[in-house]
Amino acid sequence: MTTEAKNNPPLGRVIVITSGKGGVGKTTSSAAISAGLAKKGFRTVVIDFDVGLRNLDMIMGCERRVVFDFINVIQGDAKLKQALIKDKRLDTLSILPTSQTRDKDALTKEGVEQILNELKTEFDYIICDSPAGIERGAQLAMYFADEAVVVTNPEVSSVRDSDRVLGLLGSQTKRAETDGAEPIKAQVLITRYDPSRVEIGEMMTVEDVLEILAVPLLGVIPESKAILRASNVGTPVVLDAPSAASEAYEDAVIRLTGTELEMRIVGERKPGLFQRLFGRTA
Amino acid sequence: MSLFDFIRKPRQPKSAQTAKDRLQILLAHERSREGSPEADYLPMLQADIVAAIRKYVAIGDKDVEVRMERGDQMSSLEINIELPKTPATKAG
Ligand SMILES: Nc1ncnc2c1ncn2[C@@H]1O[C@H](COP(=O)(O)OP(=O)(O)O)[C@@H](O)[C@H]1O
Ligand SMILES: [Mg+2]
């Protein structure tokens with residue numbers, strides 16, 4: 001994408017990153033995908049929908065700069081522009097942090113819709129990091145989505161929950177409820193995939209998961225040490241040193257923007273002597 | 001970079017240490033706020049500042065920008081207010 005694209009009208013695509021199950025990599029993926037899109041020049045905002053358990057700010061590395069949050073904007077205590085945190089690494093990236101309030105009812109459908117509509121006038125991609133579960137927060141994160149990325153680990157409970165969430169995407173969302181509207185475009189992102197365990201039959205294969213869920217595949221993110229490192233330092237993995245995980249996320253981002261790209265499973269390279277000598281990690 | 005750099009163990013701050021440092025700063029702040037009356041004082045502070053300035057100049061709600069940068073020793077609060085060219089019009 002070229003810089004002149006910034007003068008084009010914003011795409012205003014709302015993409016929810018969801019899963020049902022917790023701890024499968026939604027927040028990690030939201031951070032990586034939004035940074036990946038912004039790196040390509042797309043005006044991108046990532047919203048934390050996990051009310052009460054703010055975490056995206058830490059993964060994005062902007063936790064010290066939170067002033068206002070999503071709920072402050074919904075309740076009229078702050079303007080949206082004031083609550084958006086501009087990323088210091090990419091000028092095309094903004095973060096809307098969630099609130100630490102325990103009052104989950106603070107999130108209203110009208111409030112969410114109003115904020116999304118305002119964001120659509122300025123951003124190409126609006127990435128919604130869903131909380132786990134299928135309660136209010138998760139419902140609202142998916143309700144107004146145009147597309148969904150269903151984050152799934154190759155593991156029985158995660159696949160089952162993903163199936164459940166796919167059902168909700170097809171029934172409990174604005175697109176599902178609107179006559180004649182195109183359904184939400186849902187894709188699976190398989191994360192924490194360990195090729196060595198797949199090889200010895202300890203982990204389901206990509207094909208196994210796809211056969212069960214029957215939705216298109218956005219990408220396969222390998223289990224990678226780079227993820228913990230990136231979260232330690234507050235850098236989305238695609239902005240950190242190149243790794244198997246960052247490459248896999250970059251591929252997924254290319255597919256998300258509608259470009260066809262051959263599927264490959266990026267393996268975690270074992271560091272050779274040269275890499276150990278010069279301190280590059282895989 | 002020297003060829004022998006890898007022998008000296010802490011070549012650069014280890015990411016685990018960075019994680020711990022970040023958490024300590026953040027949690028010190030969050031714990032002190034939890035349940036205290038000053039929790040979430042920023043929206044009120046902003047409203048007060050806007051009200052004070054409006055006594056003299058007509059500014060809109062969107063003309064105020066509040067930025068925060070928290071540190072372990074001190075935090076900084078930066079408030080930017082955009083003043084209209086002519087202070088004639090009434091605030092929106
Ligand atoms: N590809 C991966 N390789 C290794 N660890 C991962 C990977 N993806 C996520 N994790 C780890 O899994 C945990 C849960 O991830 P997170 O993104 O917070 O999940 P969720 O938002 O779905 O609850 C975190 O500790 C994260 O570092
Ligand atoms: Mg999460």
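Criteria and cut-off values
Residues numbered from 1 in each chain as written. Chains lettered and ligands numbered in written order. Predicted model: local features only at pLDDT ≥ 70, side-chain atom pairs only at ≥ 80, totals over all residues. Heavy atoms only, no water. Helix = DSSP H or I, 4+ residues; strand = E, 2+ residues; numbered from the N terminus. Buried < 20%, exposed > 50% of the residue type's maximum accessible area, 1.4 Å probe, protein only. Contact = heavy atoms within 4.5 Å. Areas by Shrake-Rupley, 256 points an atom, 1.4 Å probe, with all protein chains shown as cover. Buried area = accessible area lost by both parts, 1.4 Å probe. Salt bridge = Lys/Arg side-chain N within 4 Å of Asp/Glu carboxyl O. Nonpolar A, V, L, I, M, F, W, Y, C, P; charged D, E, K, R; others polar. Near = heavy atom within 4 Å. Polar contact = N/O pair within 3.5 Å; in protein donor to acceptor, adjacent residues only side chain to side chain. Axes fitted to C-alpha atoms, helices over the stretch in contact; angles between N-to-C directions. Left-handed = near helix turned anticlockwise from the far one by under 90°. Disulfide = S-S within 2.5 Å. Parallel < 35°, antiparallel > 145°, perpendicular 65-115°, else oblique.

(A) Local environment of the overall build of chain B. Summing up its helical and strand segments, chain B has two helices and two strands in all. The 92 residues of chain B split such that 22% are buried. Sequence-distant contacts, at least 24 apart, represent 40% of the contacts inside chain B between residues at least 6 apart. By element, 56% of the accessible surface of chain B is carried by carbon and sulfur atoms, the whole surface being about 7,000 Å².

(B) Up close: the interface of chain A and chain B. Across the contact, 27 residues belong to chain A and 27 residues belong to chain B. Roughly 2,500 Å² of surface becomes buried between chain A and chain B when both sides are summed, with 49% attributable to carbon and sulfur atoms. Counting across the interface, chain A meets chain B through two salt bridges. Ionic pairing is found between B:Arg22 and A:Glu63, a salt bridge with its closest N-O pair at 3.0 Å. For the side of chain A that touches chain B, the secondary structure elements donating two or more residues are helix 4 (80–83), helix 11 (225–233) and helix 13 (273–277) of chain A. Classifying every residue of the side of chain A that touches chain B gives seven nonpolar, eight polar and 12 charged.

(C) Here's a closer look at the site of ligand 1. Residue and element names in this part refer to chain A. In the vicinity of ligand 1 lie 13 residues, with Gly23, Lys26, Thr27, Thr28 and Ser224 positioned nearest. Val24 places a polar main-chain atom, nitrogen or oxygen, 3.2 Å from an oxygen atom of ligand 1. In this structure, Thr28 approaches ligand 1 through a side-chain N or O atom, which is 2.6 Å from an oxygen atom. When isolated, ligand 1 has an accessible area of 570 Å², and the protein chains bury 76% of it.

(D) Highlighting the side chain of B:Arg22. Inspection of the secondary structure assignment puts B:Arg22 in helix 1 (residues 15–33). Accessibility expressed as a relative area gives 8% for B:Arg22, which makes it buried. Looking at B:Arg22, its side chain comes within polar contact range of the main-chain oxygen of A:Met58, at 2.4 Å. Here A:Asn232 takes part through its backbone oxygen, which lies 2.9 Å from a polar atom of the side chain of B:Arg22.

(E) The arrangement of the packing of helix 7 (residues 156–169) of chain A against helix 10 (residues 206–213) of chain A in detail. Residues and elements named next belong to chain A. Running from N to C, helix 7 and helix 10 cross one another at 35 degrees; their axes reach a closest spacing of 10 Å. Once helix 7 is placed against helix 10, the crossing between them reads as right-handed. Residues Val159, Ser162, Asp163 and Leu166 of helix 7 lie in contact with helix 10, whose contacting residues are Val209, Ile212 and Leu213.

(F) Broad picture of the state of the cysteines. Residues and elements named next belong to chain A. Following the criterion strictly, the structure yields zero disulfides over all chains and no others. Cys128 provides the cysteine sulfur closest to Cys62, a residue in no disulfide bond, and the two sulfurs are 16 Å apart. The class of Cys62 is buried, set by a relative accessible area of 3%.

(G) Looking closely at the environment of A:Met263. All names here are of chain A. Looking at the element boundaries, Met263 is found in the loop between helix 12 (244–256) and helix 13. A relative accessible area of 32% means that Met263 is categorised as partly exposed. Counting along the chain gives 12 residues from Met263 to Asp251, while the straight-line C-alpha distance between them is 8.3 Å. With near-sequence residues (within four places) excluded, Met263 lies in contact with Leu217, Leu218, Gly219 and Arg255.

(H) Local environment of the environment of A:Leu84. All names here are of chain A. Counting through the fold element by element, Leu84 comes out in the loop between helix 4 and strand 3 (85–86). Considering only alpha carbons, one finds Leu84 and Arg229, 145 residues apart in sequence, at a separation of 26 Å. Once you skip the residues sitting within four places of it in the chain, Leu84 turns out to touch Val45, Ser94, Ile95, Leu96, Leu119 and Phe123.

(I) Highlighting the packing of helix 1 (residues 26–39) of chain A against helix 12 of chain A. All names here are of chain A. Taken N-terminus to C-terminus, the directions of helix 1 and helix 12 make an angle of 65 degrees; their axes are 9 Å apart at the nearest point. With respect to each other, helix 1 and helix 12 are oriented roughly perpendicular. In the packing of helix 1 onto helix 12, the handedness of the crossing is right-handed. Residues Thr28, Ser29, Ala32, Ile33, Gly36, Leu37 and Lys39 of helix 1 touch helix 12, and the partners they reach there are Tyr249, Glu250, Val253 and Leu256. Taken together, the residues of the contact of helix 1 with helix 12 sort by class into six nonpolar, three polar and two charged.

(J) Quick look at the pattern of salt bridges. Residues and elements named next belong to chain A. Tallied over the entire structure, the rule returns 16 salt bridges over all chains. For the salt bridge of Arg54 with Asp69, the shortest nitrogen-to-oxygen distance reads 3.8 Å. A residue pair is termed long-range when its members are at least 10 positions apart, and Arg54 in the loop between strand 2 (44–48) and helix 2 (56–60) and Asp69 in the loop between helix 2 and helix 3 (70–74) qualify at 15 residues. Just as Arg54 is buried, Asp69 falls in that class too. Salt bridges linked by common partners bring Glu247, Asp251, Arg255 and Arg264 together as one network.

(K) Structural view of the side chain of A:Thr98. Residue and element names in this part refer to chain A. Positionally, Thr98 belongs in the loop between strand 4 (93–96) and helix 5 (109–120). At 3.4 Å, the side chain of Thr98 forms a polar contact with the backbone oxygen of Asp48. Setting aside its immediate chain neighbours within four residues, Thr98 contacts Asp48, Phe49, Asp50, Val51, Arg54, Asp69 and Phe70.

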